[in-house]
Amino acid sequence: HEDAEKLTQSNPRNRDVIFPTINGQELNSSPNQKPERSVINFVDWTIERAQTYQEPFRIVEEKVKPFRSLQNRESNRKIWWLFAENRPGLRAGISNIENCFATATTTKYLSFSSLPTNYVFTKALKIFVTDRWDLFAVIQSSLHEVWARKYSGALKQDLSYSPSKCFVNFTFPGDLWQTPHPGLAVIGEQYHEHRRGLMRSLWLGLTDIYNLFHSPHLSPALVAKVSKKSAAEAEAGYAGILELRRLHVALDSAIRDAYGWSDLNLGHDFHEVETLPENDRVRYTLSPSARKEVLRRLLALNHVRAAAEREQAEREEKVKGKGKKGKGKEVPKEQMGWL
């Protein structure tokens, strides 16, 4: 940031090409989730346009071009002043919204955070291209976490979140993509903002907050030990963690009901999650039987929607007069929101 400030002080026009950039560690470990660095970004510009920003261009030419000239991919060598993984679809997706949701690609706890869209996101993050709190509520819920741990990969002991393997095939409640759900939006935003306030008051990152959240031995003393706060602040933080648990139960219950599964007892308590490491598998989450039933119902719903997609494809082919059967997909096209 200091170097970036010098560039903008020398020429205010340089602000056009300097952006804050955030990675997974900052998202999960920083209490305010603020980027610690800035980056020069010429977006998709021609070299002639980029060169008009003389000092930023010189820095990229000196520091980036030598590295890129050794790359195997021809485009990396030829268009060396642009990001190698430029992601125009992501830029287009967030161009008309002020905030989106991000999760770390590799993470101990699956959690999503609202971030400004003027950040440059590193490959250590997955970006959900929406600002809707009702959709946030669904992906933040334990019901989505169950699906994610089944169909995503793992890196050592951490979840390696895979949009292509677990999000694209995840069935959202009803017609939520077409029709926003105000009730879910309220509880989603309430959950997120309470957690954000808790992080800042205790000055702890997401991982530390969820370590406390999932601890069966939670107490004001434990909060004080982890946060290094005074007794009074730790007492307030303890109450805040208990409230976060209550909100999480309420969020999970609201998502369950949105699916029409009010008959399902989620059984929130401290349970062992068998897919986690033996020395760290206790979580405040759904009961083992509820986790299995959620997974079963989500998979059944996935199959129902896939069949509907195939039938729709067949009808469209018949209308076209080609008589060919559509292959169908395991997800409605409007759910392809991840980039």
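The sections below set out a description of the structure shown in this document. These figures come from a predicted structure and were not determined experimentally.

### Quick look at the sheet that holds strand β9 (residues 158-160)
Line of reasoning, step 1. Pairing within the open sheet is antiparallel, and its three strands lie in the order β4-β9-β8. Two strands bound the open sheet, and with one partner strand each, they are β4 (106-107) and β8 (153-155).

### Points about the packing of helix α13 (residues 220-227) against helix α14 (residues 231-258)
Line of reasoning, step 1. The geometry of α13 relative to α14 is characterised by a closest axis approach of 8 Å and an angle of 110° between their N-to-C directions. Considering their axes alone, α13 and α14 lie roughly perpendicular with respect to each other. In the crossing of α13 with α14, the sense of the turn from one axis to the other is right-handed. When α13 is examined against α14, the residues Pro220, Val223 and Ala224 are found in contact with a partner set consisting of Ala234, Glu235, Gly237 and Tyr238.
Line of reasoning, step 2. By residue class, the composition of the contact of α13 with α14 is five nonpolar, one polar and one charged.

### Quick notes on empty space enclosed by the protein
Line of reasoning, step 1. Enumeration according to the criterion identifies one cavity of 30 Å³ or more in this entry.
Line of reasoning, step 2. Of the voids in this model, the largest cavity is the one considered here, and its volume is about 220 Å³.
Line of reasoning, step 3. Elements with a minimum of two residues in the lining of the largest cavity: α9 (142-151), α12 (206-213) and β11 (282-285).
Line of reasoning, step 4. Residues that form the lining of the largest cavity fall into these classes: seven nonpolar, six polar and four charged.

### Quick word on the pattern of salt bridges
Line of reasoning, step 1. A full pass over the atoms with the stated rule returns 16 salt bridges.
Line of reasoning, step 2. Among the ionic pairs, Glu62 bridges to Arg58, the shortest N-O distance being 2.9 Å. Note that Glu62 and Arg58 are positioned in helix α4 (residues 54-63) at a spacing of four residues, about one turn of the helix.
Line of reasoning, step 3. Asp280 is the salt-bridge partner of Lys108, the closest N and O atoms lying 3.3 Å from each other. With Lys108 in the loop between β4 and β5 (113-116) and Asp280 in the loop between β10 (269-272) and β11, the pair connects residues that are 172 residues apart, well separated along the chain.
Line of reasoning, step 4. Its relative accessible area of 26% is what places Asp280 among the partly exposed residues.
Line of reasoning, step 5. What emerges from the salt-bridge pattern is a single network uniting Asp263, Glu293, Arg296 and Arg297.

### Focus on the packing of helix α8 (residues 133-140) against α14
Line of reasoning, step 1. In the contact formed by α8 and α14, the axes pass within 9 Å of each other and the chain directions differ by 105°. When the axes of α8 and α14 are compared, the pair comes out roughly perpendicular. Here Ala137, Val138 and Gln140 of α8 lie close against α14, whose contacting residues are His248, Leu251 and Ile255.
Line of reasoning, step 2. Residues that form the contact of α8 with α14 fall into these classes: four nonpolar, two polar and no charged.

### Some words on the nonpolar core
Line of reasoning, step 1. Grouped together as the largest cluster of nonpolar side chains are 53 residues, with contacts concentrated most on Tyr161, Phe172, Ile209, Ile255, Tyr259 and Val294.
Line of reasoning, step 2. Counting residues per element, the ones that place at least two in this core are α8, α9, α10 (163-167), α11 (182-202), α12, α14 and α15 (288-320).
Line of reasoning, step 3. Core analysis: the next-biggest nonpolar cluster, separate from the first, contains 15 residues, Leu7, Ile18, Phe57 and Trp80 among them.

### Remarks on the sheet that holds strand β7 (residues 125-128)
Line of reasoning, step 1. Within the open sheet, the three strands sit side by side as β5-β3-β7. Their pairing is antiparallel. Taken across any chain shown, the strands that pair with only one partner, and hence form the sheet edges, are β5 and β7. Each strand axis lies, on average, 45° off the axis of its neighbour in the sheet, ignoring direction.

Cut-offs applied
- Within each chain, residues carry numbers counting from 1 in the order of the written sequence.
- Only residues with pLDDT of at least 70 are given local features in this predicted model, and only at 80 or more are side-chain atom pairs given and counted; all residues enter the totals for whole chains, interfaces and linings.
- Think of the side-chain values as coming from all heavy atoms in the structure, minus any hydrogens and water.
- Two strands qualify as a pair provided DSSP detects at least 2 bridges between them.
- For helices the rule is a DSSP run of H or I covering at least 4 residues; for strands it is a run of E covering at least 2, with both sets numbered from the N terminus onward.
- Axis geometry follows a simple rule: fit a line to the C-alpha atoms, using only the stretch in contact for helices, then measure angles between N-to-C directions, giving values from 0 to 180 degrees.
- Each angle gets one of four labels, with under 35 degrees taken as roughly parallel, over 145 as roughly antiparallel, 65 to 115 as roughly perpendicular, and the rest as oblique.
- A crossing counts as left-handed when the near helix is turned anticlockwise from the far one by less than a right angle, and as right-handed when that turn is clockwise.
- Whether two residues are in contact is decided by their heavy atoms, any of which lying within 4.5 Å being enough.
- The nonpolar class holds Ala, Val, Leu, Ile, Met, Phe, Trp, Tyr, Cys and Pro. Asp, Glu, Lys and Arg form the charged class, and all remaining residues, Gly among them, are polar.
- With a 1 Å grid laid over protein atoms only, a set of points is called a cavity when a 1.4 Å probe fits there but cannot get out and a pocket when it is open yet has protein on both sides within 12 Å along at least five of seven lines; lining residues have an atom within 4 Å of a point.
- Grid points are joined across faces, edges and corners, and a volume is the space filled by probe spheres set on the points.
- By definition, a salt bridge exists where a carboxyl oxygen of Asp or Glu is found within 4 Å of a side-chain nitrogen of Lys or Arg.
- Each residue is assigned to one of three classes by its accessible area relative to the maximum for its type, calculated with a 1.4 Å probe on protein chains only: buried under 20%, partly exposed between the two thresholds, exposed over 50%.
- In this description, a nonpolar core means a group of buried Ala, Val, Leu, Ile, Met, Phe, Trp, Tyr and Cys residues linked to one another through side-chain atoms lying within 4.5 Å.

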